[in-house]
Amino acid sequence: LSKMSVNRPCSNRVVNSYADSILKDQWVLNGESIKFDLDGRLVDGQHRLNAVIFANKPMKTLVTYGISVEAFETLDQGKLRTNADIIYIDDNEYASLKASVSSNILKYKNNTTRDRKNSKRADVLNCFNKNAGKINSSIKYITEIKHNNYPVGLQIMVFSHVIFREVNQSKADDFIHKLITGEGLSSKEVIYILRERLIKNRLSVSKRNTFYQIELIFRAFKYYMSGQDVTNLRWGLIDCQIVKF
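Structural notes, computed from the coordinates. From a predicted model like this one, the values you see are computed outputs, not experimental measurements.

Each full turn of the α-helix corresponds to 3.6 residues, which orients residues three or four apart in the same direction. For helix α1 (residues 12-23), built from 12 residues, the straight-helix expectation of 16 Å at 1.5 Å per residue is met to within 8% by its first-to-last C-alpha distance of 16 Å. Every buried residue of α1 is accounted for by Val 14, Val 15, Ala 19, Ser 21 and Ile 22. Looking straight down α1, one finds that the buried residues subtend no more than 160° of arc, so they occupy a single side. Residues Asn 12 and Arg 13 are exposed on α1 and point more than 90 degrees away from its buried face. Summarising the contacts, the buried residues of α1 are in contact with α2 (46-55). Among the residues trailing α1, Asp 25 stands out with phi positive, at a value near 60°.

In this section: the packing of aromatic side chains. By the definition in use, this model includes 12 aromatic pairs. An angle of 5° between the planes, with centres 3.9 Å apart, marks the rings of Phe 164 and Phe 221 as stacked. Of this pair, Phe 164 sits in helix α7 (residues 154-167) while Phe 221 sits in helix α10 (residues 210-226); the two residues are 57 residues apart in sequence, bridging distant segments of the chain. Given a relative accessible area of 0%, Phe 164 falls into the buried group. By relative accessible area, Phe 221 is classed as buried at 0%. Aromatic ring contacts, followed pair by pair, group Tyr 108, Phe 159, Phe 164, Phe 175, Phe 218, Phe 221 and Tyr 224 into a single cluster. For the cation-ring pair, Arg 165 lies above Tyr 141, with the distance from its terminal atom to the ring centre recorded as 5.3 Å. Seen from the ring of Tyr 212, Arg 208 lies directly overhead, with NZ or CZ sitting 5.2 Å from the centre.

All right, on to the pattern of salt bridges then. Across all of its chains, the model carries 14 salt bridges by this definition. Note that Lys 35 is salt-bridged to Asp 44, the shortest N-O span being 3.1 Å. Lys 35 sits in the buried class, given a relative accessible area of 11%. In this structure Asp 44 comes out as buried when scored by relative accessible area, which is 9%. In this structure, Glu 144 and Lys 140 form a salt bridge, with 3.0 Å as the shortest nitrogen-oxygen distance.

Procedures and definitions
Residues numbered from 1 in each chain as written. Predicted model: local features only at pLDDT ≥ 70, side-chain atom pairs only at ≥ 80, totals over all residues. Heavy atoms only, no water. Helix = DSSP H or I, 4+ residues; strand = E, 2+ residues; numbered from the N terminus. Expected span 1.5 Å × (residues − 1). Buried < 20%, exposed > 50% of the residue type's maximum accessible area, 1.4 Å probe, protein only. Arc of directions from axis to C-beta. Contact = heavy atoms within 4.5 Å. Phe/Tyr/Trp six-rings, centres within 6.5 Å; stacked < 30°, edge-to-face > 60°. Lys NZ or Arg CZ within 6 Å of the ring centre and 35° of its normal. Salt bridge = Lys/Arg side-chain N within 4 Å of Asp/Glu carboxyl O.

In structure tokens form, the structure reads like this:
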């Protein structure tokens, strides 16, 4: 670091993220190197090196010497891998959907559902690997249901189904099936009220975001499980929290 040339400003957020990966033993030797130019000046790697210092733990890396000025100008031009790209490597069917569901599960378990920051790719992949059976099963169940249109995004449906099945599988299956199809519902049932509210939101110009949709679905499932009569379902207040089961 003492040999660093003029470089982009150091981001504490990136350093903290890298350090967290190092401490969790998630940092892997992937071919990326720490790079020095022809004069021995550091031109690429300051965030990784600062992360090692911050974590106070070593990590293995390649080191490249003799990078030309022309080569330096081409660094970091590749497309960053998304969570879906990472999952696609091991499980390519519905990769994007599985990445979104895994990210939601991770945030739900960590009580950070309202956090709009993207979860770390390694954490999302670990979450998917731990829950792959549940996620795949929920995707299979939901996508085999005959329907005209989902009242809410597929990734929200799958995420909700995964969590609800941990509470009661048969109840979760019945709740999601009726929410998708609307079959056999009376206007007094909470699933009917939920379904109407979600469809109205889907068609609205000013839609409620993912957090509010999940919050409403989880609240409705809680009413459904308790058998409690509900005459209306309102969108949560600004400080609402996702129901925990």
